[in-house]
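For reference, the chains in residue letters:
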Amino acid sequence: FWPYQVVIYPSARITFRLKRKHNIIMKLRTPRLGTTGSSPGSTTSSSSRSTAAAASHLNHLINNNLTAAINDAAAADDESPEEPDDALGDAGDVNNNNANNADGNYTYNEDEEVNGFLQLIRDEMTVEGIEKNTRAKSTFNTHQNENTRVIVWLFYNHKHVIHDELCSDLQDVIETVDYDTMLSRKYRGKKSVEERKNVYLFQQLRDKVAEFLGTPGSTTNKNTVIFDEFVADPKIYVDYLAKRRKGNGGLMKPSVYKSYRASLSFLFWRYEFQVPEQFSSRLKTYMDGIKRLANKARQCGEGNIEDGKRPLNFELFLQFNKWFLEMGTYEGIYALAYSLATFNLACRGDSTLMICLKHLMWKGDATGVPFSHSKEEQLGDDPTKRLPRFCFGNPFIQAADFISGIFLYIATNPELIDNKDGPLFPGAKDSHSTKFSNTLKIILKDPVKRAIIQKQYAFDPDDIGVHSWRKAAHTKMSCGSTAGPTNSAACIRGGHSIGAVRDVYVVQEKASDQYCGRILAGLDELSAAFAVSYPDFVPIEVMKSFDWMFDEGEDRSVKKGVPEEDYDEKKKEVNAEVEEVLNCIFTHERLEKFPTIHRFLEVGLASFLIHSKTIAECIPSTSTLLHLPLFTMTKVYKLKQHVRIAMPWDDHYKYFSQSTGIPPHVINYQHFAEIKELIKKLPTQFEESLDARQFNGAISLPQMKELMKEAQSEQNAAMAADIATIKKAMEDGKLLSVDSSPDEEEDPDYGKQFDLHLHPDGTLRKVPPDWTFPMNQLQQMYQYWHCGNQLQKICPMKYFHSSDVSFLGDSTRIRLNEVKQLMEIIDKTASQNGAKPTKKMNMTSTNTCFLRGKVGLKIPTTTPTGRKRDIGRLKWSSAITYLPKASKKRRVD
């Protein structure tokens, strides 16, 4: 009945109603006992007859009344159906309605924005798609690749077990193969022409076999192997395994032979062939011998003893994160976020790619990220696997800080939060699964870094892969200390099964998972600092803090702030400043649509400010990332003075959410540290006591020094108060001008308030000598055009002249003209839409102008392949190519 969706619930009486647009629900309610046609004493035969009669009646109703029911329901437009008078029917309807409305999956919304991954999954919900998903695509491809190899080998060595039709087609491939196309391609390998021909022919034969085997979910309607002949002699397959070698003639690992055997079982399953028990038992015996020999060879030096990629140690994990950041590119920031997410969640790379923005849920003192699908839990039957995994920050080590790393990634790609249901790492899954791998290969191919990995960390770079991150997480949780989490907690964190019985009875508690989260964050479980809180904006005086919170020359005895009685008022001011900064980075419009991510971004900004010095030192000065608002606005770094962390025993800890995942021995470490500090102070206190007990009223030298110091402090305090009073009076009388932020008021000389920089050729320019032309995304370029770089005192780009960028070459002057062309179009359209750009603009007004003016570029909103294009994510250099030729200006100096 397309386009109507009919949902049938089992019963005997029928009603119709229009539930949502294009969705008709047909409800069949079971009649009450005692009504006509049924009685408590009905026999089995009468029940059968009643069932048959009900089915016939149902057919009659559908054929004769469906059209009228649909028309009546459509006219009623969501009008409730006539309520039945039976309680059982009511209860059943309520339960069914609740089940359908529980998560809103059936809500029809034509304007709903769906990410690419989700749309592909929705499209798969067909009969054909369900058949394809009975096995994972990667599983099918693995078995398919192996089975095509086996069948081609059988064709060459045991042709009698191959069907005639396949033999004929394979023989045709051999006779008609065209090597000219293959030989015409550029080749830089070491294989001879004859070897290349053999490899090419072998691949062509495998492709032909793959046609017979079919695609995922399809029926294998073409026969390939004569299974009765094949299973009659298990030695045929054992012979294949014995001859399956590495390129140098070496043996495989035992686990590899086991996977080959699994592929054979998959081939039997696809053809629904019942394997004889005798074949299975004999082959099992042979497999034991194969694995025993392979294991001996491994012990005697055949390959590596470890299975798969080696797990990184924690120090090498930190080193990779530092290298990713030092790349100073968007790809490097992506790799840093991917690395931190995969390690802290102890998940596989594919699971990392399926994290959505809305999964970043702030849970008091950590971020909880849930998973509903993983390799171990593909069907969603185990609720334990769906529990959120808690990820903590690390205010001491930037390379291990999950919160600041993810915040930095989102801040450099603010368009991500346009769609809260979208993935954290958007794009095609296949392309993003290799994006991290490609960045990792750049690191591993660098000769200097390769030597460091080999000599300093004793790793072979070829043993490092994406899976090394997941293995490193499990190693960190289980092998870092004997005070680590339980085995069950570590397995549940990583999504592993702990046995059928224990999976039911051992359920993850929040404390154990949060303990795992703190360990994976790189916090030292053998130190009291393991209990550290998340960073937050708490403008309170802190008497005991950490050295990294202070700038050079600052008094380390106190972190400046306000007293407790003034805290509430100051906190409101700081919150407003934080809100303004977040609006400048992500735009107010985006944050309004996604309010639940605000808390994560707030803590992320505080974490970023803690590590801002380290991050600035790692990113190259020529990086285009330094042109982004996060690195150019002075108001961002003014907030650093309000950033605090706390320990559970600190006085200001009450301003933070309660810390979780802290074992008792960590609190004991603090007690021991306090006792140790008291013991250290005993000799000094004893000397002071003796000095205070001088005879005849004499004053000791330490006492004299203390009295002089107190007098000087009182005098300085009085002078400071007098100066503040005079300054206030001058300000009130307009005798002293107050420095205003560049974003506060209109200033006709705004463009002249920035520095000029002396270049080696003796020319003064508006940019420093190490400045590079920004190649950022369109919105970020628009921000730089109107706001410049306040930290480096570089004026907005709209004030640039060609002479300011001439030292970078003639092409840079052309780029400046192209950027000017784009910005003028956006400015003109923004003015037409009620957001007129001014001579001096702040980041908030700049974002508003861009959102209202980007439509003027008239860039196609879809790609040639039909994929939705986000104009804000385009680099300006790409945007210039999409402009109609008629609107492009001639490139002039």
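Residues numbered from 1 in each chain as written. Predicted model: local features only at pLDDT ≥ 70, side-chain atom pairs only at ≥ 80, totals over all residues. Heavy atoms only, no water.

## As for the overall build of the protein chain
Thinking step 1. A count of helices and strands for the protein chain gives 35 helices and ten strands.
Thinking step 2. The buried share of the protein chain, taken over its 893 residues, is 42%.
Thinking step 3. Within the protein chain, counting contacts between residues at least 6 apart in sequence, those at least 24 apart form 70% of the total.
Thinking step 4. When the accessible surface of the protein chain is split by element, carbon and sulfur atoms take 53% of a total near 48800 Å². (Helix = DSSP H or I, 4+ residues; strand = E, 2+ residues; numbered from the N terminus. Buried < 20%, exposed > 50% of the residue type's maximum accessible area, 1.4 Å probe, protein only. Contact = heavy atoms within 4.5 Å. Areas by Shrake-Rupley, 256 points an atom, 1.4 Å probe, with all protein chains shown as cover.)

## With respect to the packing of helix α14 (residues 330-345) against helix α19 (residues 467-479)
Thinking step 1. Two numbers describe how α14 lies on α19: the axes approach to 8 Å, and their chain directions differ by 45 degrees. Between α14 and α19, the interaxial angle falls into the category oblique. In this structure, α14 crosses over α19, and the sense of that crossing is right-handed. Each of Ser339, Thr342 and Phe343 in α14 lies in contact with α19, whose residues at this interface are Trp469, Arg470, Ala472, Ala473 and Lys476.
Thinking step 2. Class assignment for the residues of the contact of α14 with α19 results in four nonpolar, two polar and two charged. (Axes fitted to C-alpha atoms, helices over the stretch in contact; angles between N-to-C directions. Parallel < 35°, antiparallel > 145°, perpendicular 65-115°, else oblique. Left-handed = near helix turned anticlockwise from the far one by under 90°. Nonpolar A, V, L, I, M, F, W, Y, C, P; charged D, E, K, R; others polar.)

## So, the environment of Phe436
Thinking step 1. Relative to the helices and strands, Phe436 is located in helix α17 (residues 429-445).
Thinking step 2. When the C-alpha atoms of Phe436 and Ala335 are compared, they prove to be 5.5 Å apart, with 101 residues separating the residues in sequence.
Thinking step 3. In this structure, Phe436 is in contact with Phe324, Tyr334, Ala335, Tyr338, Ser339, Val466 and Trp469, ignoring residues within four places of it in sequence.

## Focus: a negative patch on the surface
Thinking step 1. Taken together, the side chains of Glu687, Glu688, Glu706, Glu710 and Glu714 present a region of like negative charge at the surface.
Thinking step 2. If you list the elements that add at least two residues to the negative patch, you get α29 (664-692) and α30 (701-732).
Thinking step 3. Take the negative patch: its biggest share by element is three residues, from α30.
Thinking step 4. Along the chain, Glu688 falls in helix α29. (Patch = residues over 30% accessible without salt bridge, like charges linked within 9 Å, V, L, I, M, F, W, Y side chains within 5 Å. Salt bridge = Lys/Arg side-chain N within 4 Å of Asp/Glu carboxyl O. Lys, Arg positive; Asp, Glu negative; His and termini not counted. Charge placed at Lys NZ, Arg CZ, Asp CG, Glu CD.)

## Quick look at the packing of aromatic side chains
The geometry of an aromatic ring pair is captured by two quantities: the separation of the ring centres and the angle between the planes.
Thinking step 1. One pass over the structure, following the stated rule, counts 41 aromatic pairs.
Thinking step 2. Between Phe230 and Phe279 the ring centres are 6.2 Å apart and the planes differ by 50 degrees, which places this aromatic pair in the tilted class. Taken together, the positions of Phe230 in helix α9 (residues 227-232) and Phe279 in helix α12 (residues 277-299) put the pair 49 residues apart, joining distant regions of the chain. A single burial state applies to Phe230 and to Phe279, both of which are buried.
Thinking step 3. Pairing Trp771 with Phe773 gives two aromatic rings, centres 5.9 Å apart and planes at 75 degrees, and the pair type is edge-to-face.
Thinking step 4. What makes Trp771 buried here is its relative accessible area of 4%.
Thinking step 5. Each member of the aromatic cluster is reached from another via a ring pair, and the members are Trp153, Phe227, Phe230, Tyr237, Tyr240, Phe268, Tyr271, Phe273 and Phe279.
Thinking step 6. Note that Arg196 overlies the ring of Tyr187, its terminal NZ or CZ placed 4.2 Å from the centroid.
Thinking step 7. Looking at Lys222, its charged tip hangs above the ring of Phe212, at a distance of 4.8 Å from the centre. (Phe/Tyr/Trp six-rings, centres within 6.5 Å; stacked < 30°, edge-to-face > 60°. Lys NZ or Arg CZ within 6 Å of the ring centre and 35° of its normal.)

## Some details on a nonpolar patch on the surface
Thinking step 1. On the surface, Phe672, Ile675, Ile679 and Leu682 cluster together into a nonpolar patch covering about 430 Å² of accessible area.
Thinking step 2. Within the fold, Ile679 resides in helix α29.

## So, the nonpolar core
Thinking step 1. If you look at the biggest cluster of nonpolar residues, it comprises 114 residues, and the most contacted ones within it are Phe320, Ile410, Trp469, Phe586, Leu605 and Leu630.
Thinking step 2. Counting residues per element, this core draws most heavily on α14, which supplies eleven residues.
Thinking step 3. Among all residues touching Phe320, those that are not within four sequence positions of it are Leu312, Leu440, Ile443, Leu444, Ile453, Ile464 and Trp469.
Thinking step 4. Core analysis: the second largest hydrophobic core is formed by 42 residues, Val152, Tyr200, Phe212 and Ile236 among them. (Core = buried A, V, L, I, M, F, W, Y, C linked by side-chain atoms within 4.5 Å.)

Without other data, these values stay purely geometric and don't point to any function.
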